[in-house]
Amino acid sequence: MLLYNTLGRKKEEFIPVRPGKAIMYVCGITAYDFCHIGHARSAVFFDVLARRLRHLGYDLTFVRNFTDVDDKIIARANNEGRDWREVANTHIAAFHEDMDRLKVLRADFEPRATEYIPRIQEICSELVAGGKAYATPSGDVYFRVRAWPQYGRLSGRSLDELVAGARVAPGEEKEDPLDFALWKAAKHDEPFWESPWGRGRPGWHIECSAMSAPWLPLDIHGGGQDLIFPHHENEIAQSEAAGNAALANYWIHNGFVQTNAEKMSKSLGNFTTIRAILKNYLPETLRFFLLSKHYRSPVDFTRQGMDEAEKALKRVYSALQEAGCALGRGKWKNVDLPEDMRREWKILPEAFDAALDDDINTAQALGQIFSQARLVNRLLEDKNLRGGEGGRKMLLEFAERALNWERQLGLFGAAPAAFLEELRDIRAKRKNLDRGRVADLLKRREIARAGKNFAESDELRNRLAEVGVTVRDTREGQIWDLE
Ligand SMILES: [Zn+2]
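The sections below set out a description of the structure shown in this document. Only a predicted model underlies this, so the values are computations on that prediction, with no experimental measurement involved.

**Quick notes on the layout of surface pockets**
- Quantified by volume, the second largest pocket comes out at close to 810 Å³.
- For the second largest pocket, the lining is made up of 22 residues, of which Gln321, Glu322, Arg472, Thr474 and Ile479 are closest to its centre.
- Of all the elements in the fold, those that place two or more residues in the lining of the second largest pocket are helix 10 (303–329), helix 15 (416–430), strand 14 (469–474) and strand 15 (477–482).
- For the lining of the second largest pocket, the residue count by class is seven nonpolar, five polar and ten charged.
- Taken together, domain 2 (301–419) and domain 3 (431–482) each give at least three residues to the lining of the second largest pocket, which thus spans both.

Have a look at this one:
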C-alpha cells in the first residue's frame, strides 16, 4: 500500500517497523465544543485507513488522544460557571456520540492528557537536563528550538522563515521568540499540578509526546493539515530530543473542509457542527460526501454537494434493493452473460482494491462501486439476461461485495429497503412535506384505483406531483418517493 508521507512529500510503500503489526496515533480533539465537519473529515478518513490496514491483515493498534485540559476548556468553564473537567467530559461524550453515528470505529486506546501528567513532567525534566529546554523564573518551561537543528523538517520551513513569524507575548520569558512552551505556570484560578517548576499545567504539544511515548516508534502519525505546523513539528522535536530515534515513520495529513472556499475553523465563525448537519442528512450521506473526495484535496462543504452525495448513495442502494427483489423472484434460466460484462464485473473489485492501495483513494474506489451498480442495472433492465444463471451469480456477488464496502468504507451496509425509507423520510422533513396530506392523497388514490376510477386516480397523482411526490404502482401497492 502506498501512502503519501508529509515527511519527504511523496508516496511511499507502507512498511511497518514490526512485521505484521501497525501502530497509528492520530491527534484527537480539544474537548471544549461540539465537533464540526472538519473533525468529521479527519475521523472518517483515519477510520477508513484503519479499516484498510486491518483488511490487509495488519494487527493494528490505533491510538487517538483527547486534550482535556487547555485554555479554551478553562475559558469555557469559567464563562459558564462549570468545572473544567465537566466541560471536557461533556464534549468527549459528544465526540463519541457523533462519531458512533458516522460509523467511525472507536480507537483501541483513547488516552487523555490529564492521565499523563507524570510522563509529561518526565519528558520536560529530560529535555531540561539535556539542555534542550529551560525553566523560567515564573515557572514556565520552554523548548529551546535552536538547540534542535532538525527543527522545521516536517513542515519544510527554515529557521529564518520561522523567526520572521515568531512573537513573544507580553509576560513571556522566552530566550528566543522561536521557543515554545512545554509547561505553563498556573495563573490564578486555573487547574494545576505540582511540578519541579512549581504549580502548573502542560502545554498542548507535549501532551502528544507523552501519550504516544508507550508506542514508539509509531508507524503512522496522523491529523489534519493544520497540525503539521507547529503541533507536529513540535511533537517531533520534543520526542526525538528526549532521546527517541524517531517519533513516527509516516506522517499522514488530511486536507481542510472549506465553506465558501474558506478554511473551516472556529476562529472564522463559519463552522457547522456534525449534529447540526445530521438534523438534515443521514449520517451515511455525510460519510459518503467526505469520502467522495481524495483525503488530501480540500473539500467544499455545500448543500449542493450533500444533495449529490445523497443521490449517489440512493443509486447504489436502489440497485442493491432491485437486485434483492430479482433474486427473490427466482426462476433462473441457463443464459450466460456477455463476455464484456463478465470481464468488467471481475475487474472492478480489483480496481477498488488498487484505488485504496494507492494512498487510500476513496474517490476512485467509490467510482468502482458505481460501475458495479451500473452493470447490475444493465442486467436488471435486459430481459434476455435477467433470468440467466450468470446473472443470478452476479446479483449474489453484488450483495456480498456490499458487505466488503461496509467493512472497508463503512458504507452500503444498511438493509436497502430500510435505508431508502429513512432517506425518503429525512428528505421529506427537509422539504417540509406535509406528511398527513400526502398520506391522505395516497389513501384516496388507493380507493379510487380499487374502484377502477382511473380519472380520479390520475388527478390525485397530479396533485401529489405538485408537492414533489411521485407514485409507483406495484403488486405490493403504491410506493411513493420524492422527486
Ligand atoms: Zn497531537
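**Focus: empty space enclosed by the protein**
- Considering all chains together, one arrives at two cavities of 30 Å³ or more under this definition.
- By volume, the largest cavity is sized at about 50 Å³.
- Of all the elements in the fold, those that place two or more residues in the lining of the largest cavity are helix 1 (37–55) and helix 9 (283–291).
- A breakdown of the residues in the lining of the largest cavity according to their chemical character gives six nonpolar, two polar and two charged.
- Its boundaries defined by the atoms lining it, the second largest cavity holds a volume of some 30 Å³.
- Lining the second largest cavity are Asp47, Ala50, Arg51, Arg54, Phe62, Leu105 and Arg106.
- Looking at the lining of the second largest cavity element by element, the count peaks at four residues for helix 1.

**A closer look at the pairing of strand 9 (residues 218–224)**
- With seven of seven residues buried, strand 9 lies mostly within the body of the structure.
- Pairing between strand 3 (residues 21–26) and strand 9: three bridges, direction parallel. Across the sheet, residue Met24 finds its bridge partner in strand 9, namely Ile220.
- Looking at chain direction, strand 9 and strand 10 (residues 248–254) are connected through six bridges and run parallel. Residue pairing for strand 10: His221 is matched across the bridge by Trp251.
- As for the winding sense of the linkage, the β-α-β connection from strand 9 through helix 7 (residues 228–241) to strand 10 is right-handed.

**Brief notes about the sheet that holds strand 10**
- Pairing is parallel across the open sheet formed by four strands, whose spatial order is 4-3-9-10. Strand pairing shows two members of the sheet lacking a second neighbour, strand 4 (59–64) and strand 10, which therefore form its edges. Adjacent strand axes in the sheet meet at a mean angle of 20°, parallel and antiparallel pairs treated alike.
- Pairing geometry for strand 3 and strand 4, over six bridges, is parallel. Considered in strand 4, the bridge of Val26 is made with Arg64.
- Across the sheet, helix 7 touches strand 9 and strand 10, and the angle it forms with strand 9 is around 155°.

**Observations concerning the packing of aromatic side chains**
- For the structure on display, the rule yields 19 aromatic pairs.
- When the ring of Phe289 is compared with that of Phe301, the centres are 5.7 Å apart and the planes differ by 80°; the resulting orientation is edge-to-face. Placement of Phe289 in helix 9 and of Phe301 in the loop between strand 13 (299–300) and helix 10 is noted, with a sequence separation of twelve residues between them. As far as burial versus exposure is concerned, Phe289 and Phe301 are alike and both buried.
- Note on Trp345 and Phe398: the rings are 6.2 Å apart at their centroids and 55° apart in plane angle, and the pair reads as tilted. Of the two residues, Trp345 is situated in helix 11 (residues 339–357) and Phe398 in helix 14 (residues 389–409); the sequence distance between them amounts to 53 residues. You'll find Trp345 and Phe398 in the same group, each marked buried.
- Members of the aromatic cluster, connected to one another through ring pairs, are Phe288, Tyr317, Trp345, Phe370, Phe398, Trp405, Phe412 and Phe419.
- The ring of Phe370 is capped by Arg315, whose NZ or CZ atom sits 5.4 Å from the centre of that ring.
- Across from the ring centre of Trp345, 3.9 Å away, lies the NZ or CZ of Arg401, which sits over that ring.

**Details of the coordination of the zinc ion**
- Looking at the zinc ion, the protein donor atoms are Cys27 (SG), Cys208 (SG), His231 (NE2) and Glu235 (OE), and they sit 2.0 to 2.5 Å from it.
- The coordination sphere of the zinc ion comprises four donor atoms, whose angles at the metal cover 76 to 127°; the geometry is irregular.
- Each donor residue of the zinc ion lies on the same chain, and together they follow the pattern C-x180-C-x22-H-x3-E. With Cys208 in helix 6 (residues 204–212) and Glu235 in helix 7, this residue pair connects regions lying 27 residues apart in the sequence.
- Owing to a relative accessible area of 1%, Cys208 belongs among the buried residues under this scheme.
- Take Glu235: its relative accessible area is 0%, and that puts it in the buried class.

How each quantity is defined
Residues numbered from 1 in each chain as written. Predicted model: local features only at pLDDT ≥ 70, side-chain atom pairs only at ≥ 80, totals over all residues. Heavy atoms only, no water. 1 Å grid on protein atoms, 1.4 Å probe; cavity = no way out; pocket = protein on both sides within 12 Å on 5 of 7 lines; lining within 4 Å. Points joined across faces, edges and corners; volume = space filled by probe spheres on them. Helix = DSSP H or I, 4+ residues; strand = E, 2+ residues; numbered from the N terminus. Nonpolar A, V, L, I, M, F, W, Y, C, P; charged D, E, K, R; others polar. Domains from an automatic or database assignment. Buried < 20%, exposed > 50% of the residue type's maximum accessible area, 1.4 Å probe, protein only. Pairing = 2+ DSSP bridges. Right-handed = clockwise from strand over helix to strand, strands pointing away. Axes fitted to C-alpha atoms, helices over the stretch in contact; angles between N-to-C directions. Contact = heavy atoms within 4.5 Å. Phe/Tyr/Trp six-rings, centres within 6.5 Å; stacked < 30°, edge-to-face > 60°. Lys NZ or Arg CZ within 6 Å of the ring centre and 35° of its normal. Donors = N, O, S within 2.8 Å, 3.2 Å for Na, K, Ca; no water. Tetrahedral: all angles 85-135°; square planar, octahedral: opposite > 155°, others 65-115°.

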